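Residue strings, one per chain:
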Amino acid sequence: MKGKVYLVGAGPGDHKLMTIKGLECIRKSDVIVYDRLANSSFLKEAKSDCEFIYVGKASSNHILPQEDITRLFQKRLLKGR
């Protein structure tokens, strides 16, 4: 079983500017990988059993380097999440 990745951009972070498609993706996600720019009101739209993974991504201070984020996606995808 394989999963699917959606990259959802939230523009300037205003919850009123989220696209309908982006909100649909958040609401059906099993896992949300997010950075410091994510508006918390978007994250509240997720399913109650959604797994949240914070990856930071400040200019020179990354919680996870991009290569590790990519591996994280791959692991979750192979689990069907």
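One structure accompanies this document, and this report is about it. Quantities reported herein were computed from a predicted structural model and do not represent experimental measurements.

A few points about helix α3 (residues 66-78)
Move 1: In this model α3 runs 19 Å from its N-terminal to its C-terminal C-alpha over 13 residues, within 8% of the 18 Å that 1.5 Å per residue would give.
Move 2: All buried positions along α3 are accounted for by I69, L72 and R76. Along α3, the residues classed as buried sweep out an arc of 55 degrees about the axis, all on the same side. When the buried face of α3 is taken as reference, the exposed residues oriented beyond 90 degrees from it are E67, K75 and L78.
Move 3: At the exit of α3 stands G80, carrying a positive phi of roughly 80 degrees.

Here's the deal with the environment of E24
Move 1: Position of E24 among the secondary structure elements: in helix α1 (residues 20-28).
Move 2: Between the C-alpha atoms of E24 and A46, which are 22 residues apart in sequence, the distance is 9.3 Å.

Re the layout of surface pockets
Move 1: Of the volumes computed, that of the largest pocket is approximately 860 Å³.
Move 2: Taken together, 34 residues form the lining of the largest pocket, with Y6, L7, V8, I32 and V33 sitting closest to its centre.
Move 3: Listed by contribution, the elements that provide at least two residues to the lining of the largest pocket are α1, β1 (31-34), α2 (40-43) and α3.
Move 4: Considering every element that reaches the lining of the largest pocket, the biggest residue donor is α3, with 6 residues.

Description of the packing of aromatic side chains
Move 1: Within this structure, the stated rule accounts for 2 aromatic pairs.
Move 2: With a centroid separation of 6.3 Å and an interplanar angle of 85 degrees, the aromatic rings of Y34 and F52 are classed as edge-to-face. With a gap of 18 residues between them, Y34 in strand β1 and F52 in strand β2 (residues 51-54) connect regions that are remote in the sequence.
Move 3: Given the relative accessible area of 22%, Y34 is considered partly exposed.
Move 4: Residue F52 is classed as partly exposed on the basis of its relative accessible area of 38%.

Conventions adopted
- Residues numbered from 1 in each chain as written.
- Predicted model: local features only at pLDDT ≥ 70, side-chain atom pairs only at ≥ 80, totals over all residues.
- Heavy atoms only, no water.
- Helix = DSSP H or I, 4+ residues; strand = E, 2+ residues; numbered from the N terminus.
- Expected span 1.5 Å × (residues − 1).
- Buried < 20%, exposed > 50% of the residue type's maximum accessible area, 1.4 Å probe, protein only.
- Arc of directions from axis to C-beta.
- 1 Å grid on protein atoms, 1.4 Å probe; cavity = no way out; pocket = protein on both sides within 12 Å on 5 of 7 lines; lining within 4 Å.
- Points joined across faces, edges and corners; volume = space filled by probe spheres on them.
- Phe/Tyr/Trp six-rings, centres within 6.5 Å; stacked < 30°, edge-to-face > 60°.

So yeah, pure geometry; function would need other evidence.
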